[in-house]
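# Results of the structural survey
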Amino acid sequence: MTQNVTQSLQKTIHRTVLKNGMVVIAVENPAADIIAARIFINAGSSWESPTQAGLSHLLSAVLTKGTERRSSLEIAELVESVGATLSTDTTPDYFLLSLKTVSGDFPELLRLSSELLRSPTFPESEVELERRLTLQGIRSQQEQPFTIGYDQMRRAMYPDHPYASSVLGTEATVSQLTREDLQTYHQTYFRPDRIVISLTGRIAPDEATALVESVFGDWQAPSVSVPPLELPRLKPNPRFLSSIQDTQQSIVMAGYLGASVLGNDPLNPNPRDYAILKLLNTYLGNGLSSRLFVELREKRGLAYDVSAFYPTRLREAAFVVYMGTAHENTAIALKCLQTEVERLSTTTLLDEELQSAKNKLLGQYALGKQTNAQIAQVFGWYEILGLGIDFDTRFTEEVAGISPAEAQEAASRYLTQAYVSLVGPSEAIAPLCESVAY
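Source: prediction; values computed, not measured.

It is worth spelling out the overall build of the chain at this point. A tally of helices and strands in the chain yields 16 helices and twelve strands. C-alpha atoms of the chain, sized along the principal axes, occupy 65 × 50 × 40 Å. In the chain, which comprises 438 residues, the share counted as buried stands at 55%. Contacts spanning at least 24 positions in sequence make up 78% of the contacts within the chain whose residues lie at least 6 apart. Accessible area of the chain: about 18,600 Å², with a carbon and sulfur share of 49%. Here the chain carries 37 positive and 50 negative side-chain charges, and the mean point of each set is 3 Å from the other.

Following this line, the structure appears as structure tokens:
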């Protein structure tokens, strides 16, 4: 067993690697008699084959529906009888099991989590029920203009890449998934040397580590290692995409291929690019004081809704700005949206503009680490992504040190080749399609 300790959040964070390869991160926070845990598995939708898209999501929905020892009802009764919460989720880059309970009940809930991770039964009836619910969710998404616009953009931005698809999968792939597919995926990726357990609450780190070892220590990793995930290298290839829909407003979206959180891609020469793009995204589209909101909604009255997002990803992430606008404003809205983004590469932001965005980003970041559940999430997340628990400090230092010139230079590399995605009626979209040659 190896262990290291770091200081952050004015709390001591203990990181231990058990003999079976499982990583345990423990943070003592005695403020409330609560323990929250996040169990991350190095899996997720990126590890699915294209013909099995939606597999990890279906597994997350069925994982809590039965083990070799307990039925779905018995699992639910155990969790609810002590007022605890237990849930599962999947993302492109990891699989997650979350639990929270009072300290006295935590050992029992941790043992239940071990059962769920090690010996799920995937009852056929539950698989079929969750498949139907997933298909309903997919159909519901296909009726949402924003989702339509974002999906068509992702498919163009990520050719032959798992990031192109929703974690729900497609109707065609989900309809074909079987219980045996779930079992194979589970047996391949659910193993102790691919797991990070992060827990925070009223428990000493040594006690927390010993408890995890007593519950999971006898789980041995198979001798055969999982092959590394090989994904295609991505390069910007601007596209103009449209979907004719009878919508109440036009969805106007511009996306740019941004940096991964690791910052070690040869196409991303500056390891600080992730932090810089997070800051620029905050400046553009985070909140009522953001550049897009003030310029396009408040001053020009073009937007019903306007924002930006840049999700954290292990591979190249999409930097997206979007707005909902009246049909007659579609063309001018698109022009203004792109102008505001591309302005970042031609105009150096003022020190006070950049500082205001830094204050907002770092303030929101600090507020996202207040509860036991949030703290457990943050440090387990960093660990499963390969960033390490010291990324908490490194990220804030990187953001604080970004200069206007550095921000402009990164914008000139990332934010000039746009994937444009439009959703709206023919009279709003067709003229733009005819006037654009990509």
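On to the packing of aromatic side chains. Counted under the stated rule, the structure contains 20 aromatic pairs. Of the aromatic side chains, those joined through ring pairs into one cluster are Y274, Y310, F319, Y365, F379, W381, Y382, F391 and F395. Between the NZ or CZ atom of R313 and the centre of the ring of Y163, over which it lies, the distance is 6.0 Å.

Turning next to the UniProt feature "domain: Peptidase M16 N-terminal" (unreviewed entry) in the chain. Mapped onto this structure's residue numbering, the UniProt feature "domain: Peptidase M16 N-terminal" (unreviewed entry) falls at residues 24-170. End-to-end, the C-alpha atoms of residues 24-170 are 35 Å apart, and along that stretch the chain is 42% helix and 18% strand.

Below, the discussion takes up the packing of helix 9 (residues 273-285) against helix 15 (residues 404-414). With their axes 10 Å apart at the nearest point, helix 9 and helix 15 run at an angle of 95 degrees to one another. Here helix 9 is positioned roughly perpendicular relative to helix 15, judged by the angle of their axes. In this structure, helix 9 uses D273, I276, L277 and L280 to contact helix 15, whose residues at the interface are E406, A407, A410, A411, R413 and Y414.

A word on the pattern of salt bridges. Per the counting criterion, the structure on display carries 19 salt bridges. The closest approach of N and O atoms between E130 and K65, which form a salt bridge, is 4.0 Å. Taken as a pair, E130 in helix 4 (residues 124-141) and K65 in the loop between helix 1 (55-62) and helix 2 (72-81) lie far apart in primary sequence, 65 residues in all. According to the relative accessible area criterion, K65 is partly exposed, its value standing at 22%. Here R272 and E406 are joined by a salt bridge, their closest N and O atoms 2.8 Å apart. Of this pair, R272 sits in the loop between strand 9 (250-257) and helix 9 while E406 is found in helix 15, placing the two residues 134 residues apart along the sequence. E406 gets classed as buried once you look at its relative accessible area, which sits at 17%. Sharing partners across several salt bridges, the network here consists of R291, E295, K299 and E340.

On to the environment of L58. Looking at where L58 falls in the secondary structure, it is placed in helix 1. Setting aside residues no more than four positions away along its own chain, L58 makes contact with V127, E130, R131, T134, L177 and L182.

So, on to the pairing of strand 4 (residues 34-41). Burial runs high along strand 4: seven of the eight residues are buried. Bridging between strand 4 and strand 6 (residues 95-102) involves eight bridges; their strand directions are antiparallel. Paired with A36 across the two strands is K100, which belongs to strand 6. Two strands pair when backbone bridges link them, and strand 4 and strand 7 (residues 195-201) are joined in this way by seven bridges, in the antiparallel orientation. Directly across from F40, in strand 7, lies its bridge partner V196.

A few words now on the sheet that holds strand 9. Taking strand neighbours across the sheet as the criterion, the five strands line up as 8-12-9-11-10 in an open arrangement whose pairing is mixed. Whereas interior strands pair on both sides, the edge strands pair on one side only; in this sheet they are strand 8 (240-244) and strand 10 (303-309). The average undirected angle you get between the axes of adjacent strands in this sheet is 10 degrees. Pairing of strand 8 with strand 12 (residues 419-424), which is carried by five bridges, proceeds in the parallel orientation. The residue of strand 12 that forms the bridge with I244 is G424. Running over the sheet, helix 11 (residues 330-346) touches strand 8, strand 9, strand 11 (318-325) and strand 12 and is turned about 25 degrees from strand 9.

This part takes up the nonpolar core. Of all hydrophobic cores here, the largest spans 87 residues; its most connected members are L280, F319, V321 and L415. If you tally residues by element for this core, the top one is helix 9, at eight residues. Every residue in contact with L280, bar those within four places of it in the chain, is listed here: F319, L344, L349, A407, A411 and L415.

Here the focus is the pairing of strand 6. Counting buried positions over the eight residues of strand 6 gives six, a clear majority of the element. Looking at chain direction, strand 5 (residues 85-90) and strand 6 are connected through six bridges and run antiparallel. Within the sheet, the bridge partner assigned to T88 lies in strand 6 and is L97. In textbook terms, the turn of a hairpin is the stretch between consecutive antiparallel strands, and for strand 5 and strand 6 this stretch comprises four residues.

Under the 1.5 Å per step criterion, the end-to-end length of helix 11 is 24 Å for 17 residues, consistent within 8% with the ideal 24 Å. Along helix 11, the largest kink reaches about 25 degrees and is centred on E340. Of the positions making up helix 11, those classed as buried are T330, A333, L334, C336, L337, Q338, E340, V341, R343, L344 and S345.

Take the environment of P404 next. Mapping P404 onto the fold places it in helix 15. Exposure remark for P404: the relative accessible area of 14% places this residue in the buried category. Sequence separation of P404 and L349 is 55 residues, and the distance between their C-alpha atoms is 5.6 Å. Not counting residues within four places of it along the chain, the set of residues in contact with P404 comprises T348, L349, D351 and L354.

Reading the values: the criteria
- Residues numbered from 1 in each chain as written.
- Predicted model: local features only at pLDDT ≥ 70, side-chain atom pairs only at ≥ 80, totals over all residues.
- Heavy atoms only, no water.
- Helix = DSSP H or I, 4+ residues; strand = E, 2+ residues; numbered from the N terminus.
- Buried < 20%, exposed > 50% of the residue type's maximum accessible area, 1.4 Å probe, protein only.
- Contact = heavy atoms within 4.5 Å.
- Areas by Shrake-Rupley, 256 points an atom, 1.4 Å probe, with all protein chains shown as cover.
- Lys, Arg positive; Asp, Glu negative; His and termini not counted.
- Charge placed at Lys NZ, Arg CZ, Asp CG, Glu CD.
- Phe/Tyr/Trp six-rings, centres within 6.5 Å; stacked < 30°, edge-to-face > 60°.
- Lys NZ or Arg CZ within 6 Å of the ring centre and 35° of its normal.
- UniProt positions renumbered as here; feature names shortened; annotations may be inferred.
- Axes fitted to C-alpha atoms, helices over the stretch in contact; angles between N-to-C directions.
- Parallel < 35°, antiparallel > 145°, perpendicular 65-115°, else oblique.
- Salt bridge = Lys/Arg side-chain N within 4 Å of Asp/Glu carboxyl O.
- Pairing = 2+ DSSP bridges.
- Core = buried A, V, L, I, M, F, W, Y, C linked by side-chain atoms within 4.5 Å.
- Expected span 1.5 Å × (residues − 1).
- Bend = angle between axes of the 7 residues up to and from the residue.

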